[in-house]
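Now for the letters of each chain:
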Amino acid sequence: MIQLKSMLNCIDNSGAAVVECVKVLKMKRAAKVGDRIVVVVQKQRALGSELSGSAAAAQKVRRGDISHAVVVRTKKKYGRPDGSYVRFDDNACVLINKAGDPMGTRLNGAVAQELRGKQWSKILSLAPAHV
């Protein structure tokens, strides 16, 4: 249940660490897993001091940038058709470009299986685990 001003962890390597939801796209209700939202980057991922200038250029977003994202985990539990309920420890998203492709090349942490039914197979292929 992601709505206006909700804070989410960004689990890809695009350069963002924490983002804030400013709009839920194509609906008038709260966003669930697999929904597309508009976010603002609130906190950048810290770079190590030993990294060179090429690593700094690899960060695709900076603090204050507006981007689209897909919700991949929610703290609110939701039911599945088999009768089980799934709940994650945090709210998390993956930044995407306007075409719908993920900005990052790697994901950290599990994502929900419901992304398969909403045609986010590229995110599922990058994820290390599906729950």
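Quick summary incoming for the structure in this document. Quick caveat, the model's predicted, so the values are computed rather than measured. (Residues numbered from 1 in each chain as written. Predicted model: local features only at pLDDT ≥ 70, side-chain atom pairs only at ≥ 80, totals over all residues. Heavy atoms only, no water.)

**Overview of the pairing of strand β7 (residues 92-96)**
Side-chain direction in a regular strand flips from residue to residue, so the side chains alternate between the two faces of the sheet. For β7, the buried fraction is high: 5 of the 5 residues fall into the buried class. Across 2 bridges, the pairing between strand β1 (residues 7-10) and β7 is parallel. Considered in β7, the bridge of N9 is made with A92. (Buried < 20%, exposed > 50% of the residue type's maximum accessible area, 1.4 Å probe, protein only. Helix = DSSP H or I, 4+ residues; strand = E, 2+ residues; numbered from the N terminus. Pairing = 2+ DSSP bridges.)

**Notes on unusual backbone geometry**
Of note in the backbone geometry, K5 takes a positive phi value of approximately 75 degrees without being a glycine. Examined against the element boundaries, K5 turns out to sit in the segment before β1.

**A closer look at the sheet that holds β1**
What the 5 strands build is a closed barrel, ordered β1-β2-β3-β4-β7; its pairing is mixed. Strand-to-strand twist across the sheet, computed as the mean angle between neighbouring axes with direction ignored, equals 55 degrees. (Axes fitted to C-alpha atoms, helices over the stretch in contact; angles between N-to-C directions.)

**Observations concerning a positive patch on the surface**
Together, K75, K76, K77 and R87 make up a region of like positive charge exposed at the surface. Tracing the backbone through its elements, the reader meets R87 in the loop between β6 (85-86) and β7. (Patch = residues over 30% accessible without salt bridge, like charges linked within 9 Å, V, L, I, M, F, W, Y side chains within 5 Å. Areas by Shrake-Rupley, 256 points an atom, 1.4 Å probe, with all protein chains shown as cover. Salt bridge = Lys/Arg side-chain N within 4 Å of Asp/Glu carboxyl O. Lys, Arg positive; Asp, Glu negative; His and termini not counted. Charge placed at Lys NZ, Arg CZ, Asp CG, Glu CD.)

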